[in-house]
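One letter stands for each residue in the lines below.
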Amino acid sequence: MVHDEIYWTIISYVIPIAQSFMEGYCLYRLAKPFMKNKKGIFCVAVIYSLTMLMLYMIPLYLNSFIAYSIGVFAAFLVMCRIDRRNYEQKAFIVVIFFSLRWFTSAIAEILYDNLYNYVGNTDYMTVHPNMSFALYVGVCLLYLVLEFLFTAIGIWCILKNYAYKYAKMSKKELLMLAVPSFLGVAGYEIIWCYRNFYIAKMGKNSNMYDVMSLLYYAVAIITIVVVIVLYQSIKAGQKEKLQNELLATQMDSIRQHIEQVENLYQSIRSIKHDMTNHVITLERLYAGNKVEEAKAYSTELKTMLAKVTDKVNSGNPVTDVILQEMQSEAGKRKIRFNIDYHYPTDSNVNAFDMSVILHNALQNAMENAGKSETPYISILSYRRNNAYMIEIKNSFAGNLKWDIESGLPVTSKGNMDGHGYGLSNIRRMAEKYSGDIAIDLNGKEFCLSIMLMMEM
């Protein structure tokens, strides 16, 4: 008899300990994809589990809600300590975990109670009362397995649908995502109080009430996932809208470039039309032995031609204009600008696509090169078989933070600091030609490599 009591006591302690570490592991799996410090997140799970064990072992007679609130708050503080950014998102993680823990635990407990009552009232258990301990251990293990399984499924659904894990979350977004969890937990408390009251008064469960409760908890979890899906859809729409707005702005800029090219051609046609007259005038001046007048006329003609002829000859008038403008702007900013760029004239590359690439890349380089002590920009292009390469280098002062999802530098604007959304547009254009971009930071030099695959 004494041994039986010891066994019951041991199990009564082992189950909460196992449950605490199991829940800590689930918190670890939920938080890990959102954290940059993958090793540090292990501390979050340990602190949560130890906090819950301490509250369980110390007889403070705390309400369960208060105890678990203390546990997730401790986890929140540790997360903020090891990764000091995006605190709203960390609050979202602990709120989601807090609500998910109650829903899955309630589902497991309802199944646990009904199974325990059903098996405990069978003829076999009546005849074999010595099997009560084995039954208790079995259903306790089943409870832990079910809670872990339901929690794991919920976490998997959340992580699968939460695409922008490193995106900055605002307070309004946190409120929107947290409301379903808070309402669901409030509903859980009402349902659970009524269930305990019903059992205390009637001495048994209501099967229909348990089924309705299970349905409520399942709907609560689904609602949380659906809200996350909608939130991520909104984020994706915002990102696409911003990129389209930037691309539209760049298209307007390209149209201006094309207009400048048309004006240039118009000037060239005008000069070509008048060139015969200019030649005749020079011949008459020399024939009349008016050498000085002829030289003055010739000098004026050269000046006029210089204004309309390109200083840059890349092989395409549109890219010529872009390079000229950037070269002129670099001169105003006292930035050394080296050009060794040649347009792939015998390829399938569209001039508009190339203008988007050059405009974005050189604009980003211009903005960042000026921050260094000896600013410079260089652009180089070359071809290896069917691979067309563009390398744009610029002086760079500072550090880059990288977005794990996109592989591009992170910015204070929510995407790429220092090199803006332009890199996304460049990558999109490169992928159109089965290519990609590569970024390398060597000391104080930023290098952007763009590869386009040409049709042979």
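Asker: What is the right way to look at the overall build of the protein in this model?
Answerer: Within the protein, the regular secondary structure consists of twelve helices and seven strands. Relative to its full complement of 456 residues, the protein shows a buried share of 44%. Residue pairs at least 24 apart in sequence account for 70% of intrachain contacts in the protein once pairs closer than 6 positions are excluded.

Asker: Please explain the confidence of the model for the protein as it appears in this structure.
Answerer: Any residue range with low pLDDT should be treated as having predicted coordinates unsuitable for detailed reading. When the pLDDT values of the protein are averaged, the result is 81; 84% of them are 70 or greater. Per-element averaging of pLDDT across the protein places strand 5 (residues 409–410) at the bottom with 68 and strand 3 (residues 387–395) at the top with 93. This stretch, residues 412–419, has a pLDDT under 50; its non-local contacts, to residues over four places away or in other chains, come to 23 contacts.

Asker: Whenever I open this one, a nonpolar patch on the surface confuses me. Can you help?
Answerer: Residues Tyr 13, Met 54, Tyr 56, Met 57 and Ile 58 make up a contiguous nonpolar surface patch of about 480 Å² in total accessible area. Considering each element in turn, the nonpolar patch owes the most residues, three residues, to helix 2 (residues 41–57). In this fold, Tyr 13 is placed in helix 1 (residues 2–31).

Asker: Can you help me understand the pairing of strand 3 in this one?
Answerer: Side-chain positions along a regular strand alternate between the two faces of the sheet. Within strand 3, eight of the nine residues are buried, leaving the element largely enclosed by the surrounding structure. Here strand 2 (residues 376–384) pairs with strand 3 via eight bridges, running antiparallel. When the sheet's bridge partners are listed, Ser 378 is paired in strand 3 with Lys 393. Count of turn residues in the strand 2/strand 3 antiparallel hairpin: two residues, of which Asn 385 carries a positive phi of about 60°. Both strand 3 and strand 7 (residues 445–453) contribute to a ladder of nine bridges, which runs antiparallel. Opposite Ile 390, over in strand 7, you have Ile 450 as the bridge partner.

Asker: Hey, could you run me through the nonpolar core in this one?
Answerer: In this structure, Phe 92 and Tyr 217 are the most contacted members of the largest nonpolar core, which totals 54 residues. Tallying contributions element by element places helix 4 (residues 87–120) first for this core, with 13 residues. Every residue in contact with Phe 92, bar those within four places of it in the chain, is listed here: Tyr 162, Met 169, Leu 174, Leu 177 and Ile 228.

Asker: So what exactly am I meant to see when it comes to the packing of aromatic side chains here?
Answerer: Two aromatic rings are characterised by how far apart their centres lie and by the angle between their planes. Scanning the model with the defined rule gives 20 aromatic pairs in all. Taken together, a centroid distance of 5.2 Å and an interplanar angle of 75° make the contact between Tyr 68 and Trp 102 edge-to-face. Placement of the pair is Tyr 68 in helix 3 (residues 64–82) and Trp 102 in helix 4, with a sequence separation of 34 residues. When its relative accessible area of 14% is taken as the criterion, Tyr 68 is described as buried. An aromatic cluster is defined as three or more aromatic residues linked by ring pairs; in this entry it consists of Phe 65, Tyr 68, Phe 98, Trp 102, Phe 103, Tyr 188, Trp 192, Tyr 216 and Tyr 217. The ring of Tyr 68 carries the charged tip of Arg 101 above its face, separated from the ring centre by 3.8 Å.

Asker: Would you mind going over the pattern of salt bridges with me for this structure?
Answerer: Applying the stated criterion across every chain yields a total of nine salt bridges. With a shortest N-O distance of 3.2 Å, Arg 85 and Asp 83 are connected by a salt bridge. The exposure classification of Arg 85 matches that of Asp 83, with both residues buried. Where Asp 83 meets Lys 90, a salt bridge forms, and the shortest distance between an N and an O atom there is 3.8 Å. Asp 83 gets classed as buried once you look at its relative accessible area, which sits at 7%. Lys 90 gets classed as buried once you look at its relative accessible area, which sits at 2%. Each of Asp 83, Arg 85 and Lys 90 takes part in salt bridges that share partners, so that together they form one network.

Asker: What is the right way to look at the pairing of strand 2 in this model?
Answerer: The sheet contact formed by strand 1 (residues 336–340) and strand 2 spans five bridges and is parallel. The residue of strand 2 that forms the bridge with Asp 340 is Leu 380. As a crossover connection, the stretch from strand 1 through helix 11 (residues 351–369) into strand 2 is left-handed.

Asker: Would you mind going over the packing of helix 3 against helix 4 with me for this structure?
Answerer: In a pair of packed helices, the angle between the axes and the distance between the axes together describe the arrangement. Between helix 3 and helix 4, the shortest axis-to-axis distance is 10 Å and the interhelical angle comes to 150°. Classified by the interaxial angle, the pair formed by helix 3 and helix 4 is roughly antiparallel. Read as a crossing pair, helix 3 and helix 4 show a hand that is right-handed. Residues Ser 64, Phe 65, Tyr 68, Ser 69, Val 72, Phe 76, Met 79 and Cys 80 of helix 3 pack against Tyr 87, Lys 90, Ala 91, Ile 93, Val 94, Phe 97, Phe 98, Arg 101 and Trp 102 of helix 4. Tallied by class, the residues present in the contact of helix 3 with helix 4 amount to 13 nonpolar, two polar and two charged.

Asker: Would you mind going over helix 12 (residues 422–432) with me for this structure?
Answerer: In an α-helix, one turn spans 3.6 residues; hence positions three or four apart end up facing the same way. The element helix 12 is largely enclosed, with a buried count of eight among its eleven residues. If you check which residues of helix 12 are buried, you get Gly 422, Leu 423, Ser 424, Asn 425, Ile 426, Arg 427, Met 429 and Ala 430. Just past helix 12, the residue Ser 434 takes up positive phi, approximately 60°.

Asker: What is the right way to look at helix 4 in this model?
Answerer: The end-to-end C-alpha separation of helix 4 is 48 Å, in line with the 50 Å expected for 34 residues at 1.5 Å each. By the criterion of burial, helix 4 is predominantly enclosed, with 24 of the 34 residues buried.

Parameters at a glance
- Residues numbered from 1 in each chain as written.
- Predicted model: local features only at pLDDT ≥ 70, side-chain atom pairs only at ≥ 80, totals over all residues.
- Heavy atoms only, no water.
- Helix = DSSP H or I, 4+ residues; strand = E, 2+ residues; numbered from the N terminus.
- Buried < 20%, exposed > 50% of the residue type's maximum accessible area, 1.4 Å probe, protein only.
- Contact = heavy atoms within 4.5 Å.
- pLDDT = per-residue confidence, 0-100.
- Patch = residues over 30% accessible without salt bridge, like charges linked within 9 Å, V, L, I, M, F, W, Y side chains within 5 Å.
- Areas by Shrake-Rupley, 256 points an atom, 1.4 Å probe, with all protein chains shown as cover.
- Salt bridge = Lys/Arg side-chain N within 4 Å of Asp/Glu carboxyl O.
- Pairing = 2+ DSSP bridges.
- Core = buried A, V, L, I, M, F, W, Y, C linked by side-chain atoms within 4.5 Å.
- Phe/Tyr/Trp six-rings, centres within 6.5 Å; stacked < 30°, edge-to-face > 60°.
- Lys NZ or Arg CZ within 6 Å of the ring centre and 35° of its normal.
- Right-handed = clockwise from strand over helix to strand, strands pointing away.
- Axes fitted to C-alpha atoms, helices over the stretch in contact; angles between N-to-C directions.
- Parallel < 35°, antiparallel > 145°, perpendicular 65-115°, else oblique.
- Left-handed = near helix turned anticlockwise from the far one by under 90°.
- Nonpolar A, V, L, I, M, F, W, Y, C, P; charged D, E, K, R; others polar.
- Expected span 1.5 Å × (residues − 1).

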